[in-house]
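# Architecture at a glance
Spelled out from the first residue to the last, the chains are:
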Amino acid sequence: MKALITYILILLFPVFVNAQQTTVSGKVQDNTTKEALPYVSVAIKDNTLKTVAAGITDDHGVFRLEELPIGKMTITFSFMGYQSLTQQLEVISDRTKIELEVIGLQIDAVELNAVEISSQKPNISLKLDKKVFEVGKDVLSQNGSAHDVLNGVPSVAVSPTGAVSLRGNSSVLVLINGRQSGLTQSNALDQIAADQIERIEVITNPSSRYDASGSAGIINIILKKNKKSGFSGQVRLVAGSPNDSRLNPSINYKSDKINIFSNFSIRSSDYVGLYTTNQSTVNNGTPTLMNRIQNEDRHDDGKLLYFGADYFISEHQTITAAFLKNATHDNDKTHLLYDYSHDSSTVRDSILTRDGKSLEKRDYSQLEFNFTQTFKQAAKKWTVDIQYDWWNSDKNWDLSTQRLSPNTLAYPGIRTRSTGNSKDLLVKSDFIQPIDSVSVFEFGIKTEVRKVSSDFLAERQQENNWVVYQNIDNHLNYAETIAGAYTQFSDKAGRFTYMLGLRTELTRISITDIKNTYNDKKNYDKLFPTVNMNYKFDAATLQLNYSKRINRPSLYALYPFNELTDLNAQYIGNPDLNPSYSDVFELAFLKTWKKFTLNPSIYYQREKGYIQDFTYRENDIFFSTPINIDYEARSGIELSALYNPMKWLQVNAEMNFYRFEQKGTYQEKNLDYSGETFTGRLSTQIKLPAKFSFQGRYNFRGVQHNAQTRNAALQSLDIGLSKVLLKDKATLVFDVTNVFNLRQNKSTTIGTNYLFTETSIPNAARYRLSFVYRFNLTDPKVIRQANSANRN
């Protein structure tokens with residue numbers, strides 16, 4: 001019996017030895033420039049040349065292969081444009097982790113002469129704390145601006161007025177290259193050319209590395225870097241109807257010590273809007289009907305200049321300095337017609353008209369500085385960022401009002417002037433310290449100081465003089481200081497990756513005015529924990545995330561000044577508005593087949609102190625103002641699908657369905673409400689012969705409700721056709737947005753003794769033709785001889 005047991009143990013001994021599993025990791029870089037190489041193929045083979053493990057390097061050139069058996073093997077690194085490298089690898093029984101020295105690959109000059117280097121990244125990918133959408137060569141992402149690109153990103157929508165929302169929630173923080181920028185304010189995203197964008201990162205549950213602002217999450221727009229040595233650039237021309245004329249040249253120069261980048265944009269655009277209102281009110285038991293028609297003609301001129309340089313001090317030290325200037329000049333005209341009657345008959349009581357002309361100048365400037373220190377240890381990095389920006393604005397309205405019926409009468413003219421300026425200083429520093437090949441510790445600090453001042457004056461003509469109208473004459477000062485710090489730790493165990501983080505933000509806000517009407521100080525000190533977990537299957541990823549977020553009121557929501565353009569309705573900010581706080585949970589899954597990609601997710605969000613607009617009637621004028629209610633709870637399911645049944649056909653579909661519950665009271669009015677909303681998008685792209693491409697995109701948003709207002713379903717259709725010319729150096733694109741004028745916002749608001757319906761068409765259908773010519777005065781053999789830019 002003992003002999004039998006001994007014999008069995010001898011047979012099983014090799015099994016026990018090989019049961020040990022070993023992990024091999026390392027980093028791959030260009031042997032000349034020391035630049036990390038992503039997407040390098042890594043393969044390990046045993047003595048029989050059987051592949052026992054394989055993978056690719058990540059964005060930082062780092063790889064990790066697991067579950068290796070004991071024995072002698074070879075490891076091979078291969079990447080297009082580089083010479084393959086093979087070296088010996090031995091896994092012994094007493095080592096469970098093997099960390100290789102940095103692998104340097106040599107450029108294969110012969111192959112570079114023969115082929116064009118191009119790495120095709122997946123259209124959608126799930127990172128540990130974000131979802132990444134690569135901006136491909138689809139037709140509707142080449143023409144237009146950043147607004148057009150964002151409208152093609154699942155979960156993201158841009159309203160005709162430029163408001164960005166994520167999963168139907170407009171409380172979203174928009175970043176440019178990971179930083180806040182003036183390009184995300186005052187509809188300035190329309191200044192960024194669509195073909196300057198490399199990818200969009202949608203971060204519905206940001207890690208503690210990011211600001212806690214934005215209850216819906218963060219949208220990070222990554223602009224294209226200059227990766228070609230020597231001179232390169234492009235020129236872009238756009239013409240449209242209604243007028244949309246744009247000129248966008250950019251030129252770059254790169255060597256092994258410096259990378260100079262520049263971008264200039266000139267824009268002249270016209271927008272035609274139509275707004276109608278049908279209103280019913282009751283005064284002392286007497287019903288009054290009012291029909292209003294507003295025609296709007298807006299003209300915007302804009303100039304944008306962005307230039308800077310990366311200077312590579314050494315292999316591990318880089319400094320970046322850049323300057324941004326964005327100036328706009330808007331000239332708007334509006335005509336309003338009011339038709340009043342006292343009953344449901346057609347007998348008119350009075351007809352009024354109001355004509356308005358507005359001139360607005362905005363000027364935004366931004367200086368940015370970055371220092372980056374890398375180390376011999378892969379992924380270890382220290383960065384310092386300093387950003388200073390300042391802006392000025394000046395807006396004037398001239399209003400003339402007349403009564404046409406029952407008799408003519410000219411009312412005194414009204415004029416308003418709103419001026420403002422802001423100064424903002426931001427300083428931040430981040431440090432990443434890898435503990436080993438998979439464990440990373442990270443921490444950082446940030447301080448932002450912002451000061452804004454604003455004057456608002458309304459005057460009415462009195463004979464040959466102007467006098468203050470409705471006591472509207474005030475100066476408001478707003479000061480904000482946000483100090484933040486964070487720490488986070490990430491690790492990997494087999495196929496499971498996790499990141500735990502904690503962020504704290506201390507906010508100090510002061511609002512004062514000359515009349516001492518508003519004198520308020522608010523302090524917010526909160527902790528914001530984050531949890532990000534990821535499990536990878538062979539061709540799929542499962543992700544579970546949690547984050548706590550804050551939604552700070554915007555300046556527009558706080559300012560108590562109201563424009564007087566409309567006789568019947570006004571919007572007034574609320575200086576007493578408080579921030580809202582959200583707890584967000586999300587479970588997401590990504591599965592990729594050869595021709596099909598599926599990305600479903602479920603989410604839950606509870607936002608305490610939810611901010612929404614409240615409408616009330618006073619002195620026959622309707623006022624809207626933002627308020628805090630107790631909370632909104634939202635739960636939903638989201639689904640994105642990408643299907644490539646043939647090489648020339650791509651279909652992209654997405655839907656988002658969520659239920660919500662709102663609770664709160666204001667001015668003794670119960671605002672409790674619950675409902676559901678559905679949104680969807682369908683996009684199809686067809687590659688045609690002779691390098692033509694066609695794309696069509698249909699957007700749908702279902703009915704939306706709250707306790708006061710019902711918004712009808714909204715739909716739109718965009719189409720485009722492109723042609724590649726001049727040996728792939730040029731592209732001609734024709735597109736139509738809002739085909740058939742389908743994008744019409746219709747709403748109904750009900751309150752005590754009033755009901756009104758509104759229809760808004762801010763932008764008519766637009767037809768555009770663009771031409772882009774790209775040039776590169778560099779021999780392709782030296783494309784990879786220069787370091788990557790520091791901007792990210």
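Residues numbered from 1 in each chain as written. Predicted model: local features only at pLDDT ≥ 70, side-chain atom pairs only at ≥ 80, totals over all residues. Heavy atoms only, no water.

## What to know about the overall build of the chain
Looking only at helices and strands, the chain features 4 helices and 47 strands. Each of the 792 residues in the chain was classed as buried or not, and the buried ones make up 48%. A separation threshold of at least 6 residues defines the contact pool for the chain, and within that pool the share at least 24 residues apart is 65%. When the accessible surface of the chain is totalled, it reaches about 37,600 Å², and 56% of it is carbon and sulfur. (Helix = DSSP H or I, 4+ residues; strand = E, 2+ residues; numbered from the N terminus. Buried < 20%, exposed > 50% of the residue type's maximum accessible area, 1.4 Å probe, protein only. Contact = heavy atoms within 4.5 Å. Areas by Shrake-Rupley, 256 points an atom, 1.4 Å probe, with all protein chains shown as cover.)

## Quick word on the packing of aromatic side chains
Counted according to the given criterion, the structure contains 26 aromatic pairs. Ring centres 4.9 Å apart and planes at 70 degrees place the aromatic pair Tyr535 and Phe537 in the edge-to-face group. Consider the rings of Tyr658 and Phe660, whose centres lie 6.4 Å apart with planes at 55 degrees: the pair is tilted. On the accessibility criterion, Phe660 (7% relative accessible area) is buried. Grouping aromatic residues by their ring pairs yields a cluster made of Phe375, Phe431, Phe441 and Phe443. Lying across the ring of Tyr631, Arg606 places its NZ or CZ 3.9 Å from the centre. (Phe/Tyr/Trp six-rings, centres within 6.5 Å; stacked < 30°, edge-to-face > 60°. Lys NZ or Arg CZ within 6 Å of the ring centre and 35° of its normal.)

## Notes on the environment of Thr677
With respect to the helices and strands, the residue Thr677 is situated in strand β39 (residues 673-688). Between the C-alpha atoms of Thr677 and Gln704, which are 27 residues apart in sequence, the distance is 6.0 Å. In contact with Thr677, other than residues within four places in its own chain, are Asn656, Phe657, Tyr658, Phe660, Gly702, Val703 and Gln704.

## Details of the sheet that holds strand β33 (residues 611-618)
Taken in spatial order, the 3 strands line up as β30-β34-β33 in an open sheet, and their pairing is mixed. On the outer flanks of this sheet lie β30 (569-571) and β33, each paired with one strand and no other. The average angle at which neighbouring strand axes cross in this sheet is 25 degrees, direction not considered. (Pairing = 2+ DSSP bridges. Axes fitted to C-alpha atoms, helices over the stretch in contact; angles between N-to-C directions.)

## With respect to the pattern of salt bridges
Under the criterion given, the structure shown has 34 salt bridges. One salt bridge in this structure joins Arg768 and Asp244, with 3.6 Å as the shortest N-O distance. With a gap of 524 residues between them, Arg768 in strand β47 (residues 766-776) and Asp244 in strand β17 (residues 244-254) connect regions that are remote in the sequence. Across the pair, exposure class does not vary: Arg768 and Asp244 are buried alike. Notably, a salt bridge pairs Lys395 with Glu360, separated by 3.9 Å at the nearest N-O pair. Of this pair, Lys395 sits in strand β22 (residues 381-405) while Glu360 sits in strand β21 (residues 350-374), placing them 35 residues apart in sequence. By the burial criterion, Lys395 is buried, and Glu360 matches it. Residues participating in the shared-partner salt-bridge network are Asp211, Lys446, Arg503, Glu505 and Arg552. (Salt bridge = Lys/Arg side-chain N within 4 Å of Asp/Glu carboxyl O.)

## Remarks on unusual backbone geometry
A cis amide bond, omega -5 degrees, links Ser241 with the succeeding residue Pro242. Checked against the element boundaries, Pro242 lands in the loop between β16 (230-241) and β17. With omega at 5 degrees, the peptide bond leading from Ser405 into Pro406 counts as cis. By the secondary structure assignment, Pro406 is in the loop between β22 and β23 (409-410). For Asp620, which is not glycine, the phi torsion reads 65 degrees and is therefore positive. Looking at the secondary structure, you find Asp620 in the loop between β33 and β34 (621-628). Given the relative accessible area of 47%, Asp620 is considered partly exposed.

## Here's the deal with the nonpolar core
Judged by nonpolar contacts, the single largest core of 32 residues is most densely connected at Tyr306, Val452, Tyr478, Ile511, Tyr559 and Leu564. Of all elements in the fold, only β19 (286-312), β20 (317-341), β22, β25 (440-462), β26 (465-493), β27 (496-513), β28 (519-536) and α4 (555-558) reach the threshold of two or more residues within this core. Take this core: its biggest share by element is 4 residues, from β26. Of all hydrophobic cores here, the second largest spans 23 residues; its members include Val135, Ala146, Val156 and Val202. (Core = buried A, V, L, I, M, F, W, Y, C linked by side-chain atoms within 4.5 Å.)

## Digging into the side chain of Ser265
Mapped onto the secondary structure, Ser265 falls in strand β18 (residues 258-283). Beyond its immediate chain neighbours, meaning those up to four positions away, Ser265 contacts Gln191, Leu247, Asn248, Gly302, Lys303 and Leu304.

## Structural notes on the pairing of β28
Sheet topology places β27 next to β28; 17 bridges connect them, and they run antiparallel. The partner of Phe496 across the bridge, within β28, is Tyr535. Linking β27 back to β28 in an antiparallel pair, the connection comprises 5 residues, with Asn516 at a positive phi of about 60 degrees. Pairing of β28 with strand β29 (residues 540-551) involves 7 bridges; the strand directions are antiparallel. The residue of β29 that forms the bridge with Thr530 is Ser547. What sits between the antiparallel neighbours β28 and β29 is a turn of 3 residues.

## A short note on the environment of Ile260
Mapped onto the elements, Ile260 comes out in strand β18. In this structure Ile260 comes out as partly exposed when scored by relative accessible area, which is 38%. Along the sequence, Ile260 and Asp310 sit 50 residues apart, while their C-alpha atoms lie 6.5 Å from each other.

## Focus on the sheet that holds strand β5 (residues 71-78)
Reading across from one edge, β3-β2-β5-β6 is the order of the 4 strands in this open sheet, with antiparallel pairing throughout. Each edge of the open sheet is held by one strand with a lone partner, namely β3 (51-56) and β6 (85-91). Adjacent strand axes in the sheet meet at a mean angle of 20 degrees when their direction is disregarded. Relative to β6, β5 runs antiparallel, the two sharing 7 bridges. Note on β6: the bridge partner recorded for Phe77 is Leu85.

## Here we look at a nonpolar patch on the surface
Taken together, the side chains of Tyr535, Phe537, Leu542, Leu544, Leu587, Ile602, Ile637, Phe657 and Phe678 make up a nonpolar region of the molecular surface, amounting to roughly 710 Å² of accessible area. With respect to the secondary-structure elements, Leu544 resides in strand β29. (Patch = residues over 30% accessible without salt bridge, like charges linked within 9 Å, V, L, I, M, F, W, Y side chains within 5 Å.)

## As for the side chain of Asn474
Relative to the elements of secondary structure, Asn474 occurs in strand β26. Look at Asn474 and you get buried, because its relative accessible area is 12%. Looking at Asn474, its side chain comes within polar contact range of the side chain of Asp513, at 2.7 Å. Among all residues touching Asn474, those that are not within four sequence positions of it are Ser454, Asp455, Phe456, Asp513, Ile514, Lys515, Thr517 and Phe561. (Polar contact = N/O pair within 3.5 Å; in protein donor to acceptor, adjacent residues only side chain to side chain.)

## Thoughts on the confidence of the model for the chain
Taken over all residues, the pLDDT of the chain has a mean of 85, while the share at 70 or more is 89%. Note on residues 109-122: pLDDT is under 50 here. Beyond four places in sequence and across chains, it has 16 contacts. (pLDDT = per-residue confidence, 0-100.)

## What to know about the pairing of β39
Of the strand pairs in this sheet, strand β36 (residues 649-663) and β39 are connected by 14 bridges, and their pairing is antiparallel. Following the sheet pairing, Gln662 is matched in β39 by Tyr673. Two elements, β39 and strand β40 (residues 692-701), share 10 bridges in a ladder whose sense is antiparallel. Each bridged residue has a counterpart across the sheet, and for Ile686 the counterpart in β40 is Phe694.

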